[in-house]
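The lines below spell out each chain.
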Amino acid sequence: MSFDGDDYLATTLPASIQTPNITMAAWVKISSIGPGAQTVIAGEPRQANAVGKGVHVAVSSTGVPFINKGSNTGGWIGVAGTTTMATGTWYYLVGTVDASAVRMYVNGVLEGTLSNALAIDWTDGAGGNYPDPAQLYVGAFKDNSIGSGAVIPNISFLSAVLDDVQVYNRAL
């Protein structure tokens, strides 16, 4: 799949992945780095960005891959890898969350771990918050504004080629 900074894929967030443990993985060949973070995969319950819920794997504005999950208290917690991605090079990014930690792997190597026993909060927020309904995104992220529509992402668009995108309801 090729994303040029304004494309994305989206579907209703499957109940089968709304578990305390998750793995998000993809082969990523980044086309450009910055100016902001670029989302690879994001699972967002309704009102996710407003109150810190869900989980996403992304590439920072400096080209470093990371995984964030909602803190369940209105913010985000996460861990970054140590690799700075180069444009035009393939990387295998894997982010996991389980009952003890949030982890970021790059090319099969564990590059970051954050001890955290909080389960991912998948509960939907109140109506009138976005995305609505909850969404699984590839290539973008939705903040808590209506923007162009209730489920249309409006931030963190990806400029990359992706292959073998996978989401599992367990930490591998």
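The structure this text deals with has already been given above.
If you're wondering where the values come from, they're calculated on a predicted model, not measured in any experiment.

Thoughts on the overall build of the protein
So, step 1. Broken down by element type, the protein carries one helix and 12 strands.
So, step 2. Scanning the protein from its N terminus toward the C terminus, one meets helices and strands in the order β-β-β-β-α-β-β-β-β-β-β-β-β.
So, step 3. The C-alpha atoms of the protein give a radius of gyration of 14 Å, which matches the 16 Å a tight globule of 172 residues would have.
So, step 4. Considered along the principal axes of its C-alpha atoms, the protein spans approximately 40 × 35 × 25 Å.
So, step 5. Long-range contacts, defined here as pairs at least 24 residues apart, represent 62% of the contacts in the protein between residues at least 6 apart.
So, step 6. Carbon and sulfur atoms make up 53% of the accessible area of the protein, which totals about 6900 Å².
So, step 7. If you average the places of the 7 positive and of the 12 negative side-chain charges in the protein, the two averages end up 7 Å apart.

Structural notes on the pattern of salt bridges
So, step 1. A full pass over the atoms with the stated rule returns one salt bridge.
So, step 2. Notably, a salt bridge pairs D98 with R103, separated by 2.7 Å at the nearest N-O pair.
So, step 3. Judged by relative accessible area, D98 falls into the buried class, the value being 18%.

Here we look at the environment of M104
So, step 1. Structurally, the position occupied by M104 is in strand β9 (residues 101-106).
So, step 2. When its relative accessible area of 0% is taken as the criterion, M104 is described as buried.

A short note on the packing of aromatic side chains
The relative placement of two aromatic rings is captured by the distance of their centres and the angle of their planes.
So, step 1. This structure, assessed with the given rule, holds two aromatic pairs.
So, step 2. Pairing W27 with Y92 gives two aromatic rings, centres 5.0 Å apart and planes at 35°, and the pair type is tilted. A residue pair is termed long-range when its members are at least 10 positions apart, and W27 in strand β3 (residues 22-30) and Y92 in strand β8 (residues 90-97) qualify at 65 residues.
So, step 3. Residue class for W27 comes out partly exposed when judged on its relative accessible area of 34%.

Quick notes on the rules
Each chain carries its own residue numbering, running from 1 in the written order of its sequence. Two thresholds apply to this predicted model, a pLDDT of at least 70 for residue-level local features and 80 or more for giving and counting side-chain atom pairs, whereas whole-chain, interface and lining totals are computed over all residues. Neither water nor hydrogens contribute to the side-chain values; these are computed over all heavy atoms in the structure. Helical segments are the DSSP runs of H or I of at least four residues, strand segments are the runs of E of at least two, and each set is numbered from the N terminus. For a compact globule the rule gives 2.2 Å times the number of residues to the power 0.38, and the radius of gyration it is set against comes from C-alpha atoms. Any two residues whose heavy atoms approach within 4.5 Å are treated as being in contact. Per-residue and other accessible areas follow the Shrake-Rupley method at a 1.4 Å probe size, with only the shown protein chains counted as cover for residues. Positive charges come from Lys and Arg alone, negative charges from Asp and Glu alone, with His and the N- and C-terminal ends not counted. Every charge is mapped to an atom, namely NZ of Lys, CZ of Arg, CG of Asp or CD of Glu. One side-chain nitrogen of Lys or Arg within 4 Å of one carboxyl oxygen of Asp or Glu is enough to make a salt bridge. A 1.4 Å probe rolled over the protein chains alone gives each residue an accessible area, and that area as a share of the maximum for its type sets the label: buried under 20%, exposed over 50%, partly exposed in between. Side-chain rings of Phe, Tyr and Trp, where Trp is taken by its six-membered ring, are said to pair if the distance between their centres is within 6.5 Å; with planes under 30 degrees apart they count as stacked, over 60 as edge-to-face, and otherwise as tilted.

As far as function goes, none of this settles anything; it's purely spatial.
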